[in-house]
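A structural walkthrough
Residues per chain, in single letters:
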2 protein chains.
Amino acid sequence: MNYILKDENAIYYECRFSSDNALYLRCGSDAYLITDGRYATEARERVVGAEVIISKDLITTAKKLIKKTKIKKLHIDPKEWSLYNFSKLSKKSDIIYKRSPDFSHKKRIIKSDIELEILSEAAKLGRKAFKRLSNEITESGFGESEFALTHSAKSILSKYGKYELSFDPIVAINDNSAKPHALPTDSRLEAGDILLVDAGLKYKRYCSDRTRTIFAQKDFRFGTHQKFTSKQIQKAYDTVLKAHDHAIKKVRSGMRAKDVDALTRDIIDRAGYGKYFVHSTGHGVGLDIHEMPYISSKSNTRIKDGMVYTIEPGIYIPGKFGIRIEDMVAMIDGEAVVL
Amino acid sequence: MNYILKDENAIYYECRFSSDNALYLRCGSDAYLITDGRYATEARERVVGAEVIISKDLITTAKKLIKKTKIKKLHIDPKEWSLYNFSKLSKKSDIIYKRSPDFSHKKRIIKSDIELEILSEAAKLGRKAFKRLSNEITESGFGESEFALTHSAKSILSKYGKYELSFDPIVAINDNSAKPHALPTDSRLEAGDILLVDAGLKYKRYCSDRTRTIFAQKDFRFGTHQKFTSKQIQKAYDTVLKAHDHAIKKVRSGMRAKDVDALTRDIIDRAGYGKYFVHSTGHGVGLDIHEMPYISSKSNTRIKDGMVYTIEPGIYIPGKFGIRIEDMVAMIDGEAVVL
């Protein structure tokens, strides 16, 4: 298969290097990483299995290389290319561009042993950061705003600049936790609040992702055992935890993604919260924070050994509170192992 | 002109709201902001001059609205649309999609009085942050790595989570400052080093952007008067400062952007550093950190009152050091005013 890639993670997967201005071209046994002069030194040091070409006009250079190889068909992912860049690429060209959505993501759905090790380390670093964050909140977080707590989460997750983040962390208090994609507000954390934290970091470019919802009190922990003073909240919490634990225990390689989704959804449905579980059970995690497999009620994807994805059921009562518990799992020897 | 927008800043400019999943459609006197249920409350509170439509499938909803209006031609910016999304939009449709690159940016090139006020405040907050950063570095920054200093810059620029950043700040020491887009390293700041800081924050969504290069010593300031111990560095520094000051003093509305570029480039060329000034003199700043006008040697754009852009000449001696001095200016009554 011959192809040309534009997405940074797709390019990195092929040759262990990418930049914000790069193309990767694979034509038969030849491969090229094309980037501009700013990245020449790093590219030459790091690229594996491809020739480094430095250019001021990446697309024009790619077109010349393609012409030389005399290939006739090239795959592209139509999600990676803007109309503008694709017009430039395909103009006055005899190549047939075959549009193959997500073809790089499809290649990346089964993780290698090395990738599993890296993802496991990313998850471990993420867990440690949650622990540090709980210490910091106990020490100085009560009375602080979601803005300030989000900033603390960023500082601790990144180890004060050492790691990149998988995404902007969500730190949401009480009714703000009822929004699955809450943005920070001026609300301040008080003892007795519900606190939801969804955060991850990147280790060797691979993402971690984790969510905990806790009862805010001195010396709290981001563990899954939480005691809330409100019975209503406790019932929702216990339901989410049961769904989370059940799915991790029962999922097997060979099942379809929609059957994994049903493992959490059935429990939440039966407890009467069905309409408050407004998203899918999980998503794959790797170089991208959201990738295949998607654990949704519509997906027929077969779960296989080597896949890494999240299990993250939730219950969101608008205007009141939200609960989500999320862990990353890897499929190993047919079963899910929490990373 | 009828059009459909996908870019967040382009959408925000039209209706004072955007989300990471939104479309803006303008058909004659009718305008629609289409987004999903997660953003319903905020959209209804904030959108100005457009009807809010909530949808699970934005493009399909847009197609239905377009069909109802019976218009025949719709402008899009081909840089905003992926091949994938555009295929979905244009499939089984009789509309003629007119590809107009940068048409939203072109509308936004002259800032209104309100925008000028906001940009001025953004620049002021950015300057204050530089001052705080110099205090923090004097107190505890010597001996710290570029990673840690970059993190400090992020914390201070964002006021610990209150503001978003215009971009990831560049904090580069000695030879790393020779890379115009330096990434942080483990290098540690010592007294006597060259330190380059390029950073900005967003105020009411508008960006600030500023660069200073300083001689690192206790109680240093991010002012433009700097004394280096090395004569070679001082000569390059004085050349960049002269180019920067000269351009700001001499630029007039009515000139072409390439003539503004020549104001800095000629001075650097004449001092013998021409080949070390490897980028353009500046770029427009607004909702986007890089927008029109581009102050490059190839641009025929006429500079006009109300434009806001950077003046940022630089000299980069590979493997040794880099100097850049950058300020934002607004064209007012024919002349450049530093924001």
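Residues numbered from 1 in each chain as written. Chains lettered and ligands numbered in written order. Predicted model: local features only at pLDDT ≥ 70, side-chain atom pairs only at ≥ 80, totals over all residues. Heavy atoms only, no water.

What follows is about the packing of aromatic side chains. Residues and elements named next belong to chain B. One pass over the structure, following the stated rule, counts 14 aromatic pairs over all chains. Measuring from centroid to centroid gives 5.4 Å for Phe-86 and Tyr-97, while their planes differ by 80 degrees, and the two rings are edge-to-face. Placement of the pair is Phe-86 in helix H4 (residues 83-90) and Tyr-97 in strand S6 (residues 96-99), with a sequence separation of 11 residues. A relative accessible area of 9% places Phe-86 in the buried class. Residue classification places Tyr-97 among the buried positions, given a relative accessible area of 12%. Ring geometry for Phe-130 versus Phe-222: centroids 5.1 Å apart, planes at 80 degrees, classification edge-to-face. Here Phe-130 is found in helix H6 (residues 113-140), whereas its partner Phe-222 is found in the loop between strand S12 (210-215) and helix H8 (231-250), with 92 residues between them in sequence. (Phe/Tyr/Trp six-rings, centres within 6.5 Å; stacked < 30°, edge-to-face > 60°. Helix = DSSP H or I, 4+ residues; strand = E, 2+ residues; numbered from the N terminus. Buried < 20%, exposed > 50% of the residue type's maximum accessible area, 1.4 Å probe, protein only.)

In this model, chain A carries a mean pLDDT of 96, and residues with pLDDT of at least 70 account for 100%. Both confidence scores are given for the complex: pTM 0.91, ipTM 0.87. (pLDDT = per-residue confidence, 0-100.)

The transformation that overlays chain B on chain A combines an axial shift of 0.1 Å with a rotation of 180 degrees, and the residual RMSD is 0.0 Å. In symmetry terms, the pair is related by a two-fold rotation axis. The position closest to the rotation axis in chain B is occupied by the C-alpha of Ser-82 of chain B, lying 2.0 Å away. Counting the interface residues of chain B, we find that 100% of their copies in chain A are interface residues as well, pointing to one common contact surface. (Least-squares fit on C-alpha atoms with pLDDT ≥ 70 in both. Contact = heavy atoms within 4.5 Å.)

The next point concerns a positive patch on the surface. Residues and elements named next belong to chain A. A cluster of like positive charges, contributed by Lys-124, Arg-127, Lys-128, Arg-132, Lys-159 and Lys-162, occupies part of the molecular surface. With respect to the helices and strands, Arg-132 occurs in helix H6 (residues 113-140). Under the relative-accessibility criterion, Arg-132 is labelled partly exposed at 38%. (Patch = residues over 30% accessible without salt bridge, like charges linked within 9 Å, V, L, I, M, F, W, Y side chains within 5 Å. Areas by Shrake-Rupley, 256 points an atom, 1.4 Å probe, with all protein chains shown as cover. Salt bridge = Lys/Arg side-chain N within 4 Å of Asp/Glu carboxyl O. Lys, Arg positive; Asp, Glu negative; His and termini not counted. Charge placed at Lys NZ, Arg CZ, Asp CG, Glu CD.)

Right, let's get into the side chain of Thr-239 of chain A. By the element assignment, Thr-239 of chain A lies in helix H8 (residues 231-250). Excluding residues within four positions of it along the chain, Thr-239 of chain A makes contact with Ile-267, Ile-268, Ala-271, Tyr-273 and Ile-315 of chain A.

Bringing the interface of chain B and chain A into the picture now. Contacts between the two partners involve 22 residues from chain B, matched on the other side by 22 residues from chain A. Together, the buried faces of chain B and chain A total about 1,900 Å²; carbon and sulfur atoms form 66% of this surface. By the criterion of area lost to chain A, the three top residues of chain B are Leu-83, Tyr-84 and His-151 of chain B, representing 34% of everything that side buries. Linking chain B with chain A are 0 salt bridges, by the criterion used here. For the pair chain B and chain A, the interface holds 10 residue pairs in polar contact (both at pLDDT 80 or more). For the side of chain B that touches chain A, the elements supplying multiple residues, two or more each, are H4 and helix H7 (146-157) of chain B. Residue composition of the side of chain B that touches chain A, grouped by class: 11 nonpolar, 7 polar and 4 charged. (Buried area = accessible area lost by both parts, 1.4 Å probe. Polar contact = N/O pair within 3.5 Å; in protein donor to acceptor, adjacent residues only side chain to side chain. Nonpolar A, V, L, I, M, F, W, Y, C, P; charged D, E, K, R; others polar.)

Buried residues dominate strand S14 (residues 291-295) of chain A, accounting for 4 of its 5 residues. What sits between the antiparallel neighbours strand S13 (residues 282-284) of chain A and S14 of chain A is a turn of 6 residues. (Pairing = 2+ DSSP bridges.)

Turning to the pairing of strand S5 (residues 73-76) of chain B, a few remarks are in order. All names here are of chain B. Bridge analysis of S5 against S6 gives 4 bridges, and the strand direction is parallel. Note that in S6 the partner of Leu-74 across the bridge is Tyr-97. Crossover connection from S5 via H4 to parallel S6: handedness right-handed. (Right-handed = clockwise from strand over helix to strand, strands pointing away.)

Right, let's get into the sheet that holds strand S9 (residues 194-199) of chain B. Residue and element names in this part refer to chain B. An order of S8-S9-S12 is seen for the 3 strands of this open sheet, with the pairing classed as antiparallel. If you trace the sheet from one side to the other, it starts and ends with strand S8 (170-173) and S12, each paired once. The mean inter-strand angle of the sheet, taken between neighbouring strand axes irrespective of direction, is 10 degrees. Strand direction decides the pairing type here: S8 and S9, joined by 4 bridges, are antiparallel. Looking across to S9, one finds that Ile-173 is bridged to Leu-195. Against the sheet, H7 engages S8 and S9, with an angle of about 145 degrees to S8. (Axes fitted to C-alpha atoms, helices over the stretch in contact; angles between N-to-C directions.)

Let us now look at the nonpolar core. Ile-4, Ile-66 and Trp-81 of chain A together with Ile-4, Ile-66 and Trp-81 of chain B are the most contacted members of the largest nonpolar core, which totals 42 residues. Discounting residues that sit within four places of it in the chain, Trp-81 of chain A has contacts with Ile-4, Lys-6, Leu-23, Ile-59, Ile-76, Phe-86 and Leu-89 of chain A together with Trp-81, Ser-82 and Leu-83 of chain B. Formed by 39 residues, the second largest nonpolar core is a distinct cluster that contains Phe-130, Leu-189, Leu-195 and Cys-207 of chain B. (Core = buried A, V, L, I, M, F, W, Y, C linked by side-chain atoms within 4.5 Å.)

Further remarks concern the domain arrangement of chain A. Residue and element names in this part refer to chain A. Taken domain by domain, chain A holds domain 1 (3-107) and domain 2 (113-338). Taking only C-alpha atoms, the centre of domain 1 and the centre of domain 2 are 35 Å apart. Of the residues lining the interface, 9 residues belong to domain 1; the matching set on domain 2 comes to 9 residues. For the pair domain 1 and domain 2, the summed buried surface comes to about 800 Å²; carbon and sulfur atoms form 50% of the total. (Domains from an automatic or database assignment.)

Let us now look at helix H9 (residues 257-270) of chain B. Residues and elements named next belong to chain B. Under the 1.5 Å per step criterion, the end-to-end length of H9 is 20 Å for 14 residues, consistent within 8% with the ideal 20 Å. At Thr-264, H9 shows its maximal bend, which comes to roughly 30 degrees. Listed as buried for H9 are Ala-257, Val-260, Asp-261, Leu-263, Thr-264, Arg-265, Ile-267 and Ile-268. Contacts made by the buried residues of H9 are with H8, strand S14 (291-295), strand S15 (308-311) and strand S16 (314-317). One or two steps after H9, the chain reaches Gly-272, where phi turns positive at roughly 90 degrees. (Expected span 1.5 Å × (residues − 1). Bend = angle between axes of the 7 residues up to and from the residue.)

Residues and elements named next belong to chain B. Taken together, 3 strands build an open sheet; the order of strands is S7-S10-S11 and the sheet is antiparallel. Looking along the sheet, the strands with just one partner apiece sit at the ends: strand S7 (164-165) and strand S11 (206-207). Two elements, strand S10 (residues 201-203) and S11, share 2 bridges in a ladder whose sense is antiparallel. Counted as the bridge partner of Lys-202 is Cys-207 from S11. Against the sheet, H6 engages S10 and S11, with an angle of about 140 degrees to S10.

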